[in-house]
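If you want the building blocks of each chain, they are given just below.
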Amino acid sequence: MRRQTNSEIAQKQEESPLREECIDEFSNPEDKPILTIPKPKVKGRFSEGLVRTITGFSIFFLLIFLTFMGHFYLVLFVFFIMAMIFSEIISLKRNYLKEEPVKINTKLNWYFFFLGATFFTFQYAFEHLTQSSVPYIRFLAERKSMVFFLLYMGGFMAWVASLRGGYLRYQTRLFFWTHCVLIVTFVGSAAVYAINYGMIWWITSIVLVVVNDTGAYVVGKKFGRTKLISISPNKTLEGFFGGFLITQLLAFGWNRALLKIPFLHFWYCPQAAITLIPFNTPTCAIPSIYLPRDMFIPILSSIIGKISVSEFEIHCFILAIFASFIAPFGGFFASAIKRGLKIKDFSNNLPGHGGFTDRFDCQIIMNIFLYIYLRDVVQGGLNSLTSVMAYITRLTIDDQIMLKAQLERIINKKMGTSSS
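About the criteria used
Residues numbered from 1 in each chain as written. Predicted model: local features only at pLDDT ≥ 70, side-chain atom pairs only at ≥ 80, totals over all residues. Heavy atoms only, no water. Helix = DSSP H or I, 4+ residues; strand = E, 2+ residues; numbered from the N terminus. Buried < 20%, exposed > 50% of the residue type's maximum accessible area, 1.4 Å probe, protein only. Contact = heavy atoms within 4.5 Å. Areas by Shrake-Rupley, 256 points an atom, 1.4 Å probe, with all protein chains shown as cover. Disulfide = S-S within 2.5 Å. Axes fitted to C-alpha atoms, helices over the stretch in contact; angles between N-to-C directions. Parallel < 35°, antiparallel > 145°, perpendicular 65-115°, else oblique. Left-handed = near helix turned anticlockwise from the far one by under 90°. Nonpolar A, V, L, I, M, F, W, Y, C, P; charged D, E, K, R; others polar. Phe/Tyr/Trp six-rings, centres within 6.5 Å; stacked < 30°, edge-to-face > 60°. Salt bridge = Lys/Arg side-chain N within 4 Å of Asp/Glu carboxyl O.

**Regarding the overall build of the protein**
And step 1. Tallying secondary structure elements over the protein gives 19 helices and 4 strands in all.
And step 2. Within the protein, buried positions represent 38% of all 420 residues.
And step 3. Contacts in the protein between residues at least 24 apart in sequence constitute 69% of all its contacts with a sequence separation of at least 6.
And step 4. Looking at the protein as shown, the accessible area adds up to about 24400 Å², and 67% of this sits on carbon and sulfur atoms.

**Digging into the state of the cysteines**
And step 1. A complete count under the given rule lists 1 disulfide for this structure.
And step 2. Between the sulfur of cysteine 269 and that of cysteine 284 lies a disulfide, 2.1 Å long from S to S. Disulfide cysteine 269-cysteine 284: torsion about the S-S bond near -100°, hence left-handed. In this pair, cysteine 269 is assigned in the loop between helix 13 (237-259) and strand 3 (293-295) and cysteine 284 in the loop between helix 13 and strand 3, connecting sequence segments 15 residues apart.
And step 3. Overall, cysteine 269 belongs to the buried group, its relative accessible area being 1%.

**Quick word on the packing of helix 13 against helix 15 (residues 311-325)**
And step 1. The interhelical angle for the contact between helix 13 and helix 15, taken along N-to-C directions, is 160°, at an axis separation of 9 Å. With respect to helix 15, the element helix 13 is oriented roughly antiparallel. You can see that helix 13 and helix 15 cross each other, and the crossing is right-handed. Here helix 13 contributes Phe240, Phe241, Gly243, Phe244, Thr247, Gln248, Ala251, Phe252, Trp254, Asn255 and Arg256 to the contact with helix 15, which in turn contributes Phe312, Glu313, Cys316, Phe317, Ala320, Ile321, Ser324 and Phe325.
And step 2. In the contact of helix 13 with helix 15, the residues fall into 12 nonpolar, 5 polar and 2 charged.

**Some details on the packing of aromatic side chains**
Geometrically, a pair of aromatic rings is defined through the distance of the ring centres and the angle of the planes.
And step 1. Summed over the entire model, instances satisfying the criterion amount to 43 aromatic pairs.
And step 2. Judged by centre distance (4.2 Å) and plane angle (20°), the ring pair of tryptophan 159 and phenylalanine 175 falls under stacked. Highlighted residues: tryptophan 159 in helix 9 (residues 144-162) and phenylalanine 175 in helix 10 (residues 168-181), separated in sequence by 16 residues.

**A short note on the pattern of salt bridges**
And step 1. All told, the structure shown has 6 salt bridges when counted by the stated rule.
And step 2. Glutamate 311 is the partner of arginine 293 in a salt bridge, and the nearest nitrogen-oxygen pair spans 3.1 Å. Of this pair, arginine 293 sits in strand 3 while glutamate 311 sits in helix 15; the two residues are 18 residues apart in sequence, bridging distant segments of the chain.
And step 3. Taking relative accessible area as the criterion, arginine 293 reaches 41% and is therefore assigned partly exposed.
And step 4. The partner of lysine 338 in a salt bridge is aspartate 358, with the nearest N and O atoms 2.7 Å apart. Placement of the pair is lysine 338 in helix 16 (residues 328-341) and aspartate 358 in helix 17 (residues 356-378), with a sequence separation of 20 residues.

The following block contains the structure:
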C-alpha cells in the first residue's frame, strides 16, 4: 500500500474540517517546530551580538526621544508595544488553514484588543473628557464603562453569529485564548498610570529590569556554575544574585545621577494636562519625594546614624528587589511557553532579540507591580489628594457645592474645637 505524502495529508485535512478539528494546534506528529520564525542571517557570534546591541540601543534612544515629545506620545508607544505583543502571542494559537473559511475571526481578535486597550490605556484621557464643554462628549465620557461594555457585547454577538459547524472547537478555543492574551491591555493601563504620575517611575522600572537582566547574563557567563531553573538552562544561581547586587547599586545611584542632569528634570513632573503638541515638556519644581534629606532608617541608622537619602531612592530599592527576584520569572514563564511550542523566539520583529514579547516579558509583571505599588504604597489609595480630586471632578456642580458646604462645616468645627 502506497504511503501518503505530507502534501496529500494536508490537502485531505483541508477538505475535511471535522477531522482537522481533532488535531491539536499545539501538536506535531513529526515532532517538528509548529511555528518557524525565520532568523536574520548573521555570520559569527560577534555579528549576532552586534545586531542585538544596535537594536537594544535603538530602542533605548527611541524611548528617550519619546519622553521629550511628551506624555501622549510615550503612551502611544506603550499602545504600540501592547499591539505587537498581542499580535505575536495570538499568532501562536491561530491555524491559518482554518481561518480561511472564517476570516471574521482575525477581525474580531483585533476588535477585542483595540476595545480593551483603548478602555484601559486612555483612562486618564476619559477623566479629562468628563470636563469637556461638548455635552455629548461629556455624557459618553462619564458613562464610558457602559459604552465599552455595549461595544464588547456587539463583538460577542458578532462572534456567536460567525460560528460554523466543523470549526466550533477551533473558534471557541481561539476566543478564550484571545481573552487570556488581553491581559496585556491592563499592563498598558498600569504603564500609563505610572507615566502620568511621573515618567521617572516607568523609566526606572524599565532600566531596573534591563540592568538586572544584563547583569545576570554577564555574571552568569563569567562565574555561573549552578543551574537556577530547568526550563532556562542558561540561567545560573550566581548570575541571579549577581544581577541583584548590580541592580541594587543602580537603584541608589540612579536618582542621584538624574538630579545632576537639568534637562531631564521634566521626568519628575506629573502630567498636569493632556496636550498633543510635541516637545512641550512640562516644568515643575522637583517634588520633595525625590530630594535627598537626612532620614532615620530602622536598624541601619542605629549603627551609622541618619542617612542622606530620598523617599524615591527607598522606593527604588524595593522596586529593584522585585525586578531582581520576581520579575525574571516572567521571562522563565515565556521560556516555558517557547520550549513547549518548540520555538526559539515569539517572532523576529526585533533583530537580535526575537520579538516584542521576548524583550518585554519581564516588564509585564514589573508594570503590574509598579501600578499596585504606586497606588497602595506611594499614594496610599484615597489618602492621596490627587486621587481624591480625581473623584471630586466627576461630581456634578450641585454635588460639588454640597461637598464644599460640608467641608466648610467640618473645618469650622475642627478649628473651633482646637481653639477652645
